[in-house]
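# Fold and contact review
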Amino acid sequence: MFETDRLPEGWAERLNRMDEIWVPARFHVTTFLAGGVDPSKIHIVPEAVDTELFDPEDMDPLEIYDGDHRYKFLSVFKWEERKGWDV
C-alpha cells in the first residue's frame with residue numbers, strides 16, 4: 001500500500017505502463033488520478049477482513065486499565081522504523 005496524498009515525480013508514467021493498478025481505497029484512486037494515472041487502469045481491491053472471525057459483536061472489550069493510573073496506548077501497525085514506534 002502506498003500511503004501518501006501525491007505520487008512522486010515519474011511514477012504516473014511508469015504506472016501507466018502496467019496492465020492494472022490495484023489500490024485499497026477510494027482515497028488512493030483519487031491520489032493516483034490526480035497524479036496522472038490512466039483511470040481505466042485503477043481498480044479498488046479492498047483489504048480483506050474475515051468478519052466471521054473478527055466480528056465486533058462477538059468480542060469482549062480489551063481491558064487495559066490495571067489500576068495504576070498510567071496512560072496506556074494501543075497501536076496496531078507494521079513493526080518498521082518508518083512507523084515511528086521508537087518515538
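Look a little higher up for the structure.
The structure contained in this document is the topic of the report that follows.

Conventions adopted
- Residues numbered from 1 in each chain as written.
- Predicted model: local features only at pLDDT ≥ 70, side-chain atom pairs only at ≥ 80, totals over all residues.
- Heavy atoms only, no water.
- Patch = residues over 30% accessible without salt bridge, like charges linked within 9 Å, V, L, I, M, F, W, Y side chains within 5 Å.
- Areas by Shrake-Rupley, 256 points an atom, 1.4 Å probe, with all protein chains shown as cover.
- Salt bridge = Lys/Arg side-chain N within 4 Å of Asp/Glu carboxyl O.
- Helix = DSSP H or I, 4+ residues; strand = E, 2+ residues; numbered from the N terminus.
- Buried < 20%, exposed > 50% of the residue type's maximum accessible area, 1.4 Å probe, protein only.
- Core = buried A, V, L, I, M, F, W, Y, C linked by side-chain atoms within 4.5 Å.
- Contact = heavy atoms within 4.5 Å.

Okay, a nonpolar patch on the surface next. On the surface, L62, I64, L74 and V76 cluster together into a nonpolar patch covering about 470 Å² of accessible area. Mapped onto the elements, L74 comes out in the segment after strand 2 (42–44). Given the relative accessible area of 64%, L74 is considered exposed.

Now for the nonpolar core. Residues L7, A12, L15, I21, V23, V29, F32, V37 and I42 constitute the largest nonpolar core, which totals 9 residues. Secondary structure elements with two or more residues in this core: helix 1 (11–15), strand 1 (21–23) and helix 2 (26–34). Not counting residues up to four positions away in its chain, the partners in contact with V37 are L7, A12, L15, N16, I21, F32 and I42.

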